[in-house]
Amino acid sequence: MTVSGIDRLHSQLSKLEDMFPGYVTEIVEGSIVMNPVRPFHGKTIQRVWALLEDQLPSAWALVSDVAFPFDDANEFCPDIAVIPVEAEAENRSAYPADLIEFVAEVVSPESVRRDYEVKPRWYASRGIANYLVLDPLKGHVVTMWNPASDGYRGRDTIPYGPDLTVDSPLGKLTLATRRLPVDPKARASS
């Protein structure tokens, strides 16, 4: 698919989002996927953003829910991605996936398989050094590192509570996980 083809497809996806407010739209494995946005999802993004923003070197910027085409069948809109500040300043609706240096997704009931299985393969295949899966449904964060062509070689699951320090190419990034929300309904059912 050409860049203009991707732009047209993204434009169509944007129209879907406009028609269905409160949903994030992505292309995953060739299917258009719409996820409802819940308060704990947004609160997790806001808190992680606030924690990371002041720790990033000045050459890097945070973006959220903008498109990153990986191929014709996969265009993800990460909850949090770190890209070069020059690229962020272009204020585009889509960026090349190779710009991502660090990425985080927040799990929703509908995104479990995508966040834990599909996206790690794609993020690792592009050499993204660190991928975090923040899971308010289970009250933990999964850190993934050491990317390879078929996924990440390293993976740890840390319950929310202690500070988490990620040793990334951007430097050491620390997240205070005790302030991240946990869905009480989901926790009670697990």
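This one's a predicted model, so the numbers in the text were calculated from it and none came from an experiment. The written sequence of each chain sets the order in which its residues are numbered from 1. Under the rules for a predicted model, residues below a pLDDT of 70 receive no local features and side-chain atom pairs below 80 are neither given nor counted, while totals for whole chains, interfaces and linings still include all residues. For side-chain calculations, the full set of non-hydrogen atoms in the structure is used, while hydrogens and water are omitted.

**Q** Summarise the overall build of the protein chain; cite the residues concerned and give the values.
**A** The helix and strand labels rest on DSSP assignments: H or I over at least four residues marks a helix, E over at least two residues marks a strand, and numbering proceeds from the N terminus. Looking only at helices and strands, one finds five helices and 12 strands in the protein chain. Counting only contacts in the protein chain whose residues sit at least 6 apart along the sequence, the fraction spanning at least 24 positions is 53%. Using the Shrake-Rupley algorithm and a 1.4 Å probe, accessible areas are obtained, with residue cover drawn only from the displayed protein chains. Of the roughly 9200 Å² of accessible surface on the protein chain, a fraction of 51% belongs to carbon and sulfur atoms. We call two residues contacting when some pair of their heavy atoms lies within 4.5 Å.

**Q** How would you summarise the pattern of salt bridges if you had to cite specific residues and measurements?
**A** Opposite charge on two side chains permits pairing when their charged atoms draw close. The salt bridge criterion pairs a side-chain nitrogen of Lys or Arg with a carboxyl oxygen of Asp or Glu, the two atoms within 4 Å. Under the defined criterion, the tally for this structure stands at eight salt bridges. Its salt-bridge partner being arginine 153, residue aspartate 150 comes within 3.0 Å of it at the nearest N-O pair. The network of salt bridges with shared partners includes Glu105, Asp115 and Lys119.

**Q** Hey, could you go over the environment of proline 136 for me, with residue numbers and the actual values?
**A** Within the secondary structure, proline 136 is located in the loop between strand S8 (130-135) and strand S9 (140-148). Burial classes: relative accessible area under 20% of the type maximum marks a residue as buried, over 50% as exposed, and values in between as partly exposed (1.4 Å probe, protein chains only). You can call proline 136 buried: its relative accessible area is 4%. The spatial distance from the C-alpha of proline 136 to the C-alpha of valine 106 is 7.5 Å, given a sequence separation of 30 residues. Other than its neighbours up to four places away in sequence, proline 136 contacts Phe40, Thr44, Val106, Val107, Tyr160, Pro181, Val182 and Asp183.

**Q** Go over the sheet that holds strand S6 (residues 80-84), please, and point to the residues and values.
**A** Taken in spatial order, the six strands line up as S3-S6-S7-S8-S9-S10 in an open sheet, and their pairing is mixed. Sheet topology places strand S3 (60-63) and strand S10 (151-159) at the edges, where each strand pairs with a single neighbour. Each neighbouring strand pair of the sheet contributes to a mean axis angle of 20°, computed without reference to strand direction. When DSSP finds at least two bridges between two strands, those strands are taken to pair. Across four bridges, the pairing between S3 and S6 is antiparallel. Looking across to S6, one finds that tryptophan 60 is bridged to proline 84. Convention adopted: a line fitted to C-alpha atoms gives each axis, helices being fitted over their contacting stretch, and angles between N-to-C directions are expressed from 0 to 180 degrees.

**Q** Break down the nonpolar core for me, with residues and values.
**A** Core analysis: the largest hydrophobic core is formed by 25 residues, its most contacted members being Phe68, Ile100 and Tyr123. For this core, the secondary-structure elements that each account for two or more residues are strand S4 (68-71), S6, helix H4 (112-125), S8 and S9. Counting residues per element, this core draws most heavily on H4, at four residues. In this view, isoleucine 100 contacts Phe68, Phe70, Pro78, Ala81, Val82, Ile83 and Ile128; residues no more than four positions away in its chain are not counted. We define the nonpolar core as a collection of buried residues of types Ala, Val, Leu, Ile, Met, Phe, Trp, Tyr and Cys that are connected through side-chain atoms lying within 4.5 Å of one another. Residues Val48, Leu62, Val82 and Leu164 belong to the second largest nonpolar core, which totals 21 residues.

**Q** Describe H4, with residues and values.
**A** Any helix carries an expected span of 1.5 Å times its number of residues minus one. End to end, H4 covers 20 Å across 14 residues, agreeing with the expected 20 Å (1.5 Å per residue, within 8%). Values of bend correspond, residue by residue, to the angle between axes fitted over the seven residues ending at that residue and the seven starting there. Roughly 45° is the biggest bend found in H4, and it falls at lysine 119, with proline proline 120 one to four residues downstream. All of the buried residues along H4 are Arg114, Asp115, Tyr116, Val118, Lys119, Pro120, Tyr123 and Ala124.

**Q** Tell me what's going on with the packing of aromatic side chains, and back it up with residues and numbers.
**A** Pairing of aromatic rings covers Phe, Tyr and Trp, the last counted by its six-membered ring, and requires centre-to-centre distances within 6.5 Å; plane angles under 30 degrees mean stacked, over 60 mean edge-to-face, and any other angle means tilted. Scanning all chains against the criterion turns up seven aromatic pairs. With centroids separated by 5.0 Å and ring planes inclined at 45°, the aromatic side chains of phenylalanine 70 and phenylalanine 76 adopt a geometry described as tilted. Take phenylalanine 76: its relative accessible area is 0%, and that puts it in the buried class. Linked through ring pairs, Phe70, Phe76, Trp122, Tyr123, Tyr131 and Tyr152 together constitute an aromatic cluster.

**Q** Describe the side chain of glutamate 105, listing the residues and the values that go with them.
**A** Its location among the elements puts glutamate 105 in strand S7 (residues 102-106). When its relative accessible area of 2% is taken as the criterion, glutamate 105 is described as buried.

**Q** Talk me through helix H2 (residues 39-53); I want residue IDs and the actual numbers.
**A** Each turn of an α-helix holds 3.6 residues, which means side chains three or four residues apart point in the same direction. The terminal C-alpha atoms of H2 lie 21 Å apart, and with 15 residues this matches the ideal 21 Å at 1.5 Å per residue to within 8%. Turning to H2, its buried residues are His41, Thr44, Ile45, Val48 and Leu52. Projected onto a plane normal to the axis of H2, the buried residues spread over an arc of 95° and lie on a single side. Exposed side chains of H2 directed beyond 90 degrees from the buried face belong to Pro39 and Gln46. Lining the buried residues of H2 we find S3, S6, S7, S8 and strand S12 (171-176). For this quantity, the arc is that covered by the directions from the helix axis to the C-beta atoms.

On their own, these measurements won't tell you what the molecule is for.
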